[in-house]
Each structure stands twice: as structure tokens, then as C-alpha cells.
Amino acid sequence: MLKVVEMFYSIQGEGTQVGVPSIFIRLYGCNLSCSFCDEELHKGAYEELSFDAVLERIKAYPSMNVIITGGEPSIYDLNGFIDFLQAHMYAVSVETNGYNFSNIASANWITYSPKDWNHIAKHGYDEVKFIVSKDSDVSKLLDFKSYKPLFIQPQNNAHTPNQENLAFCIAFVKANPRFILSVQLHKFLGVE
Ligand SMILES: Nc1nc2[nH]cc(C(=O)O)c2c(=O)[nH]1
Ligand code: SF4
């Protein structure tokens, strides 16, 4: 059974796969409580759904790309669910803060968004996304080396871009071009 806060169909607004029409499954709960987090996104009501019940709902959408997000999906062992979706020909991406990579190891794509920049994992993901505000200590990011794509994403408002943080992030990637800007396109487009 899965604790599902919401399921919706939109475009991936972040990272390498930006623009890919995708089915989002948002799971309940997180191991952290970041100040900038939208609480209702993972602490509100949820439904307990079986794998088959989730499959029935996502079949209503034409995309074969699923993004599991939260909350923090890796607080659950999701490998069985991911295998189940893959057996039905879905490509499965997971958004994680890196709590437990082994719980999501069978995913096709893992986006890692470390919240503690003093301890950044070296393996277990396909791209990294740093959430940055104008007050962030980005000096901690300068020594981080990886062959994976490294995204800098402004800490935005719940449904709209934060222009100050965006300007800071643009200046940062221009000064440090190993990093790539990720804007949360959905918040510019006004889609989910
Ligand atoms: N369009 C869209 N793209 C997203 N990429 C990651 C999201 C998330 O909530 O984790 C998200 C989201 O909520 N909406
Ligand atoms: S890790 Fe993500 S979901 Fe968890 S509290 Fe922080 S922002 Fe919210």
C-alpha cells in the first residue's frame, strides 16, 4: 500500500527532463522539515492505495513517464512499486533528498536534492538539484565535483517564481558555469 497525497498529469518543470509530459505521484511524509517546504504537499491528507489502484488511475493519462515525489519518497521501500510500474512499461523517476537511495534503486532516473550541503552523497543518482535562495551559503557548492548534471534551482514561492532568488541563481551559474539553471518551469506557466 502507498500513502498518496495527490496524483496529477503535468510537464516535468525541473532538471534534465524539463518539458517531459509526466504523471506525478506525491507520497505522504518526509524525514526532514525544511523551512521553505510547502507543508500541505506532504503532511496533509492522504489516501492508502494499492499498486493496482494507482495503476488504474495513471492509466487514464497518455504518458508513460511517472515521477514519484513527496515529501520524501525514500522513507518507503519503493523498489517493489517501481518494478511493478516498469513491468507495465512505465519509466519511473524519483525526486529524493537522499534519505535512502537503496529504497529507490530500481528507478530509471533519480533526482537528488541534498538539503545538507556539508554531506552530499557521491553516488546513487542521475542528476543533482540544489535549491538556492539569495541567503544560501553557495560557497559550500563550489568544491562539489560530479559528472552528473548539477542544477541550481531558485527557492520559489509555493505557486510563483521568486524573482530575487532567481536573479541570484542566474548570477551564480554565470559565474560558475559547471552549474545549470533549473527554474521550476511549471510555476512560470501556471500549471501544476
Ligand atoms: N510540473 C511539476 N514539476 C515538478 N518537478 C518536481 C516536482 C515536485 O513537486 O517534486 C514538480 C511539480 O510539483 N510539478
Ligand atoms: S526535504 Fe523536501 S519535502 Fe522534506 S521538508 Fe524539505 S522541502 Fe519539504
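Residues numbered from 1 in each chain as written. Chains lettered and ligands numbered in written order. Predicted model: local features only at pLDDT ≥ 70, side-chain atom pairs only at ≥ 80, totals over all residues. Heavy atoms only, no water.

**Points about the packing of aromatic side chains**
Next up, step 1: Going through the model one piece at a time under the given rule, you end up with twelve aromatic pairs.
Next up, step 2: Note on Phe130 and Phe144: the rings are 6.0 Å apart at their centroids and 85° apart in plane angle, and the pair reads as edge-to-face. Of this pair, Phe130 sits in strand S7 (residues 127-132) while Phe144 sits in the loop between S7 and strand S8 (150-154); the two residues are 14 residues apart in sequence, bridging distant segments of the chain. With respect to class, Phe130 is no different from Phe144; both count as buried. (Phe/Tyr/Trp six-rings, centres within 6.5 Å; stacked < 30°, edge-to-face > 60°. Helix = DSSP H or I, 4+ residues; strand = E, 2+ residues; numbered from the N terminus. Buried < 20%, exposed > 50% of the residue type's maximum accessible area, 1.4 Å probe, protein only.)

**So, the sheet that holds S7**
Next up, step 1: Spatially, nine strands are ordered S3-S1-S2-S4-S5-S6-S7-S8-S9 in an open sheet, and the strand pairing comes out mixed. Edge positions in the sheet fall to strand S3 (47-49) and strand S9 (179-181), since each of these pairs with one other strand and no more. Looking at each pair of strands side by side, their axes are set apart by 35° on average, direction ignored.
Next up, step 2: Pairing geometry for S8 and S9, over three bridges, is parallel. Paired with Phe151 across the strands is Ile180, a residue of S9.
Next up, step 3: Where helix H3 (residues 79-87) meets the sheet, it contacts strand S1 (2-11), strand S2 (21-27), strand S4 (65-69) and strand S5 (91-96), and its direction lies at approximately 150° from that of S5. (Pairing = 2+ DSSP bridges. Axes fitted to C-alpha atoms, helices over the stretch in contact; angles between N-to-C directions. Contact = heavy atoms within 4.5 Å.)

**Structural notes on helix H4 (residues 163-175)**
Next up, step 1: Under the 1.5 Å per step criterion, the end-to-end length of H4 is 18 Å for 13 residues, consistent within 8% with the ideal 18 Å.
Next up, step 2: The complete set of buried residues in H4 reads Asn165, Leu166, Cys169, Phe172 and Val173. When H4 is viewed along its axis, its buried side chains cluster within an angular range of 125° and face the same direction. The outward face of H4, more than 90 degrees from its buried face, is lined by the exposed residues Gln163, Glu164, Lys174 and Ala175.
Next up, step 3: On its buried side, H4 packs onto S7, S8, S9 and helix H5 (185-189). (Expected span 1.5 Å × (residues − 1). Arc of directions from axis to C-beta.)

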